[in-house]
Amino acid sequence: MDHFFDATISSNTNAANGPRSDTFAPGDPSYASIDNRFVRPGTNFKARVGFKFIF
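Residues numbered from 1 in each chain as written. Predicted model: local features only at pLDDT ≥ 70, side-chain atom pairs only at ≥ 80, totals over all residues. Heavy atoms only, no water.

The helix and strand tally for the protein stands at one helix and two strands. For the protein, the sequential pattern of α-helices and β-strands runs β-β-α. In the protein, which comprises 55 residues, the share counted as buried stands at 9%. Taking the contacts inside the protein whose residues are at least 6 apart along the sequence as the reference set, 32% of them involve residues at least 24 apart. For the protein, the exposed surface amounts to about 5,600 Å²; the carbon and sulfur share of it is 54%. (Helix = DSSP H or I, 4+ residues; strand = E, 2+ residues; numbered from the N terminus. Buried < 20%, exposed > 50% of the residue type's maximum accessible area, 1.4 Å probe, protein only. Contact = heavy atoms within 4.5 Å. Areas by Shrake-Rupley, 256 points an atom, 1.4 Å probe, with all protein chains shown as cover.)

See below:
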């Protein structure tokens, strides 16, 4: 089972007026909107139920 914890996200952008670097830490107001761009697996619980008949 994998679980991903919140971590600081770094963003590097090359623009016409020069490179720009931003960081978003957990708790920042804009962190949730940036974090939603990444697809991370969730926690899945699976159960199998079956019956066996022998004649």
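We are not done yet, so read on.
On inspection of all chains with the given rule, the structure shows one salt bridge. Among the ionic pairs, D22 bridges to R20, the shortest N-O distance being 3.1 Å. (Salt bridge = Lys/Arg side-chain N within 4 Å of Asp/Glu carboxyl O.)

Another aspect to go through is a nonpolar patch on the surface. A contiguous nonpolar patch, built from V49, F51, F53 and F55 and spanning about 700 Å² of accessible area, is present on the exposed surface. Examined against the element boundaries, F55 turns out to sit in the segment after α1 (31-35). (Patch = residues over 30% accessible without salt bridge, like charges linked within 9 Å, V, L, I, M, F, W, Y side chains within 5 Å.)

So, about the environment of D22. Along the chain, D22 falls in strand β2 (residues 18-24). Through-space distance from the C-alpha of D22 to that of I9 is 8.3 Å; in sequence the pair is 13 residues apart. Other than its neighbours up to four places away in sequence, D22 contacts I9, S10 and S11. A distance of 3.1 Å separates the side chain of D22 from the side chain of R20, its partner in a polar contact. (Polar contact = N/O pair within 3.5 Å; in protein donor to acceptor, adjacent residues only side chain to side chain.)

In this sheet, β2 lies alongside strand β1 (residues 9-15) in antiparallel orientation, the contact comprising seven bridges. Directly across from T13, in β2, lies its bridge partner R20. (Pairing = 2+ DSSP bridges.)

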